[in-house]
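Results of the structural survey
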Amino acid sequence: MKSSEIRRKFLKFFEERGHVIVPSSSLVPDDPSVLLTTAGMQQFKRYYTGEADAMKDFGSKSTVSIQKSFRTSDIDEVGDERHLTFFEMMGNFSFGGYFKEEAITYAFDFITKEMGLLISYVTVFQGSPSTPKNPSTGSGNTEQASSGNNIPKDTESKGIWESLGVKDVREEGMDDVFWGPTGSSGPCGPTTEIYCKNGAGQDIEVWNIVFNEFFCTGSREELLAGRAELKPLPTKGIDTGMGLERLAMCAQKTKTIFETDLFGGFLKKEPISGVTERVRRIVLDHARAIAFLISDGVEPSNKGAGYILRRLVRRAMVYEYLVNQIEFKLPIVFTAVHETYARWYPELSKEEILNIFEGEKERFLISLEQGLKELKKFEKVDVKSAFFLFQSFGIPYEVIKELGGERTIHLKREDFEKEFEEHQEISRAGLEKKFGGHGLILDTGELKAGDVEELRNATRLHTTTHLLQQALRDVLGDSVHQMGSDVTSERTRFDFSFARKLTSDEIGRVEKIVNKKIEENLPVGCVEMSKEEAERSGALHFFKEKYPDKVKVYYVGETLLDAYSKEFCGGPHVGRTEEIGRVKISKEEAVASGVRRMRVVLTKDAEFRS
Ligand code: GLY
């Protein structure tokens, strides 16, 4: 059975049973407490919490959808037979309408009659704590259990399955058969799952049927740690999720999801020399995910959803780079993704996907080769060296972990993420230690300040000087080089090579760029590296100056690789550009033949945190 047939059957089956077909929502949800849409129920959260009325919005208490979904939690599993980052989730929902009896019977009928599949076994909730204090006596009768988060065993579902002839009903706990909530709070409840066999005879979880009975006051982690409370949900209901890819694997009797027609046209099925099956699958998964994320407006960045996209793009790109075979070229894979899915998702734009991909590639390839060389040099890749590779060369965690092999055995994702988050704090704390609180008189040659207040303004203007140099290069070209600079608390004076007087339009553009970079509130970071590495990173420096073997590079941007500005420098700088406030170019003049001088002053106060 083709996947198009499965889609059609699923929607029709539930439409015939009073469900309104609702289109997939975007992968970028309205709900600010979650980065990406992880389940079909996300767009319907408000119908369970009582904030919205399904009858009013849909004319029915039941809906059905095929939802674009994305789970970062599964990223390390991608490459096996059944895990994906992006997937399509088929789901039927009831908001205060039908409950356990109908939900289980619908699922049973759909799987066995419509799909013609055998159910290997099902699971039901064993209660929590596992020895139940308040055994359930019927549907919707579990709210008494919410105090102390005791949730009774789901004997009702067990009975329904048995009455349908399913004999193998297994009892499981919170980890497996209790759904939600998504985000920082929300609907949740016990579930029952259906397992069917794939083409390799393995039992695969295909369908998860959630009995939304509770509102959880905190996140799932908080709930599991006993720090969140369960309250009765205003509108109880049903929320189900069935991965289209997994169901297709069972229906098409393939051994993995990657052999279903959902991935059919992406890459040659024959082995590609030098590529393990796992790598091939990762590229297939990531290419699809990248295409869908971009089409929902995500752009690569170092924050939030953009950071997820960037990691996927770079990981896929590393394989493309290492394998270097025509079948493996990502534009070819993107074209196939587009051909397979544009019919269902008209928002997929091939041009947009390729444009964003090429842009990211251009930035990344400059440092990829060098980063891979650096990675080889480490005997052991600990969290510090991994972070160095990420920060300096943009090599994502996943790639370090894989290519580093044995040497990354102790590298853990949580530690890396922690390091990432602490990074801004560290560079800020370093500055405080060095320059804070002593009423010192600073004179670095370039920077002069008589007290802390003066130092703050000089620091703001120092970062401004870096932004200024890059903005001048943006407007006037890369022939612009710093010839000297002098920073006081009043102004920065910047001398640079350029042959003629600037037009007022050019001055206006430079000023605008600098203020724009300030408004973007970019972080300022610093890395210490060998002079050769620093030069290769593209950091600006004086050609004539003698630098020591180890130099510091200050950069304005999330990482050295992405930085808007990077320069050899001793600091100090603001922690984030917003601390500068606002600036104005007050003067532009000649100082010598081929050398211009610009003065820039602060025009608006800002909170100084560095
Ligand atoms: N919301 C149910 C599931 O995603 O499995």
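Before going into details, it helps to say that this report is about the structure given with it. Treat the numbers as computed from the prediction; the structure is a model and nothing was measured.

Bringing the pattern of salt bridges into the picture now. On inspection of all chains with the given rule, the structure shows 41 salt bridges. Between Arg-310 and Asp-562 there is a salt bridge, with its nearest N and O atoms 3.0 Å apart. A residue pair is termed long-range when its members are at least 10 positions apart, and Arg-310 in helix H10 (residues 304-323) and Asp-562 in the loop between strand E15 (550-556) and strand E16 (565-568) qualify at 252 residues. Three or more residues joined by partner-sharing salt bridges are found here, namely Asp-76, Arg-311, Glu-398, Arg-413 and Glu-417.

Turning to the packing of aromatic side chains, a few remarks are in order. Counting across every chain of the model gives 35 aromatic pairs. Aromatic pair Phe-13 and Phe-110: ring centres 5.3 Å apart, planes at 70 degrees, arrangement edge-to-face. Taken together, the residues span a long stretch of sequence, with Phe-13 in helix H1 (residues 3-15) and Phe-110 in helix H4 (residues 100-114) at a distance of 97 residues. Classification of Phe-13 by relative accessible area gives buried; the value is 3%. Overall, Phe-110 belongs to the buried group, its relative accessible area being 0%. Chaining the aromatic ring pairs together yields one cluster made of Phe-10, Phe-13, Phe-14, Tyr-98, Tyr-106, Phe-110 and Trp-207. A cation sits over an aromatic face here: Arg-17 above Phe-13, 3.6 Å from the ring centre. The aromatic ring of Tyr-121 is capped on one face by Arg-170, whose charged end is 3.5 Å from the ring centroid.

Look at the link from Gly-180 to Pro-181: it is a cis peptide, with omega at -5 degrees. In this fold, Pro-181 is placed in the loop between strand E6 (178-179) and strand E7 (186-197). In this chain, Gly-571 is followed by Pro-572 through a cis amide linkage whose omega measures -5 degrees. The backbone of Lys-253 sits at a positive phi, close to 55 degrees, despite the residue not being glycine. On the accessibility criterion, Lys-253 (52% relative accessible area) is exposed. Of note, the phi angle at Asn-521 is positive, near 50 degrees, even though the residue is not glycine. Mapped onto the elements of the fold, Asn-521 is located in the loop between helix H17 (504-519) and strand E14 (524-530).

Procedures and definitions
- Residues numbered from 1 in each chain as written.
- Predicted model: local features only at pLDDT ≥ 70, side-chain atom pairs only at ≥ 80, totals over all residues.
- Heavy atoms only, no water.
- Salt bridge = Lys/Arg side-chain N within 4 Å of Asp/Glu carboxyl O.
- Helix = DSSP H or I, 4+ residues; strand = E, 2+ residues; numbered from the N terminus.
- Phe/Tyr/Trp six-rings, centres within 6.5 Å; stacked < 30°, edge-to-face > 60°.
- Buried < 20%, exposed > 50% of the residue type's maximum accessible area, 1.4 Å probe, protein only.
- Lys NZ or Arg CZ within 6 Å of the ring centre and 35° of its normal.

Honestly, it's all geometry; don't read function into it.
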